[in-house]
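# Coordinate analysis (summary)
If you want the building blocks of each chain, they are given just below.
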Amino acid sequence: MAKTKELSKDTRNKIVDLHQAGKTESAIGKQLGLKKSTVGAIIRNWKTYKTTDNLPRSGAPRKISPRGVKMITRTVSKNPRTTQGGLVNDLQRARTKVTKPTISNTLRRQGLKSCSARCVPLLKPVHVQARLKFAREHLDVPEGDWENVLWSDETKIELFGKNSTRRVWRTKNAELHPMNTVPTVKHGGGNIMLWGCFSATGPGRLIRVKERMNGAMNREILSENLLPSARALKMKRGWVFQHDNDPKHTALATKEWLRKKHFKVLEWPRQSPDLNPIENLWKELKVRVAQQQLQNITALEEIYMEEWAKIPATVCENLVKTYRKRLTSVIANKRYITKY
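In short, a report on the structure. Quick caveat, the model's predicted, so the values are computed rather than measured.

This paragraph deals with the overall build of the protein chain. If you tally the helices and strands in the protein chain, you get 15 helices and 5 strands. By the burial criterion, 36% of the 340 residues in the protein chain qualify as buried. Here the contacts in the protein chain between residues at least 6 apart in sequence split such that 72% fall between residues at least 24 apart. Accessible surface computed for the protein chain: about 22,600 Å², of which carbon and sulfur atoms make up 51%.

So this is what it looks like as structure tokens:
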């Protein structure tokens, strides 16, 4: 059935005025070119509610009763991996027949949205305790102290891999147009390993690791890039170096090398990528590079170096300035990896 056009406010008021003047519904309908039933509905509405405004309509009743909504909400709260099909079956057993979109819409109204589960490091009880200890011990560290930390890490970049999410604006049925696709090949089409560092004053050196990344290679990278980065970033006296607990970082030979060079190293809890702000910098870098169509490893390395140098110092400054929030988040979430 076609949807009828709503009468204007002026027309509804005119109907009431003519009714108060003593005219019948038929006469009013003929004068205004409206159906008698329409005129009658406007007049009844005015008599009942003393207004000619359109009142809110109840709409179609919900397919799922309030009790059913509570049931499926409770189910997904206890087990977030519950499928829509499973919830459809649960309701069917309760004699309520619904579709998957109805389930999705109902849960969305409850503030629950179906999302891809994020991959995070597995936290054992010992990791949880170490993370909490680190966060609590460093919660009241002055902001100026974090500004004197040189953060570092490695990351692997695939030429055609999913280094970042890419979205495109396209028309229907144009999903396979070359402009709307991301080319993929087996094993990512090759990759490069990068080592980088930064501080609150900006990005430090970024270098490509061309050989196997082991303890010896790690020490060579630090020997050639750590002090030059600290000098270029104008680190203050007593600056602190940060790296995670990867075996190549914690090797006895590496620890001894750092000790002999008199570098202060920040004690770091295992399984804590969310505590290292350089992870956000890697994401920033990958998003920048993802905008370009690269066809070979050489071009990939060049563009990464170019984009790394373009990252504003303010981005680095803000990552360090908000470090206390990271620690607060770890304490609040306790058993979980926090968003980074």
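Further remarks concern unusual backbone geometry. For Lys50, which is not glycine, the phi torsion reads 55° and is therefore positive. Tracing the backbone shows Lys50 in the loop between helix H3 (36–49) and helix H4 (66–78). Phi at His262 is positive, roughly 65°, even though this residue is not glycine. Tracing the chain through its elements places His262 in the loop between helix H11 (252–260) and strand S5 (264–265). The class for His262 is exposed, based on a relative accessible area of 69%.

Now for helix H7 (residues 125–138). Here H7 spans 20 Å end to end across 14 residues, near enough to the 20 Å set by a 1.5 Å rise per residue. His127, Val128, Arg131, Leu132, Phe134, Ala135 and His138 are the residues of H7 that are buried. Burial along H7 is one-sided: seen end-on, the buried residues are contained in an arc of 160°. Across H7 from its buried face, at more than 90 degrees, point the exposed residues Pro125, Val126, Gln129 and Lys133. If you follow the buried residues of H7, they end up packed against helix H8 (143–146) and helix H15 (323–333).

Turning next to the sheet that holds strand S2 (residues 191–199). Here we have 5 strands laid out as an open sheet, ordered S3-S2-S1-S4-S5, and mixed in their pairing. Edge strands, defined here as strands with exactly one partner in the open sheet, are strand S3 (202–209) and S5. Two strands pair when backbone bridges link them, and strand S4 (residues 240–242) and S5 are joined in this way by 2 bridges, in the parallel orientation. Across the sheet, residue Val240 finds its bridge partner in S5, namely Lys264. Strands in contact with helix H9 (residues 215–232) are strand S1 (149–158), S2, S3 and S4; relative to S3, the strand with the most contacts, it is inclined by about 155°.

Once that is clear, we can look at the pattern of salt bridges. Applying the stated criterion to the full structure yields 13 salt bridges. The salt bridge partner of Asp246 is Lys248, with a shortest N-O separation of 3.0 Å. Overall, Asp246 belongs to the partly exposed group, its relative accessible area being 26%. On the basis of relative accessible area, Lys248 is assigned to the buried category, the value being 14%. With its nearest N and O atoms 3.1 Å apart, the salt bridge here joins Arg288 to Glu284. Pair noted here: Arg288 and Glu284 are both in helix H12 (residues 278–290), with a separation of 4 residues, about one helical turn. By sharing partners, the salt bridges in this structure join Glu284, Arg288, Glu307 and Lys310 into a single network.

Rules of the game
Residues numbered from 1 in each chain as written. Predicted model: local features only at pLDDT ≥ 70, side-chain atom pairs only at ≥ 80, totals over all residues. Heavy atoms only, no water. Helix = DSSP H or I, 4+ residues; strand = E, 2+ residues; numbered from the N terminus. Buried < 20%, exposed > 50% of the residue type's maximum accessible area, 1.4 Å probe, protein only. Contact = heavy atoms within 4.5 Å. Areas by Shrake-Rupley, 256 points an atom, 1.4 Å probe, with all protein chains shown as cover. Expected span 1.5 Å × (residues − 1). Arc of directions from axis to C-beta. Pairing = 2+ DSSP bridges. Axes fitted to C-alpha atoms, helices over the stretch in contact; angles between N-to-C directions. Salt bridge = Lys/Arg side-chain N within 4 Å of Asp/Glu carboxyl O.

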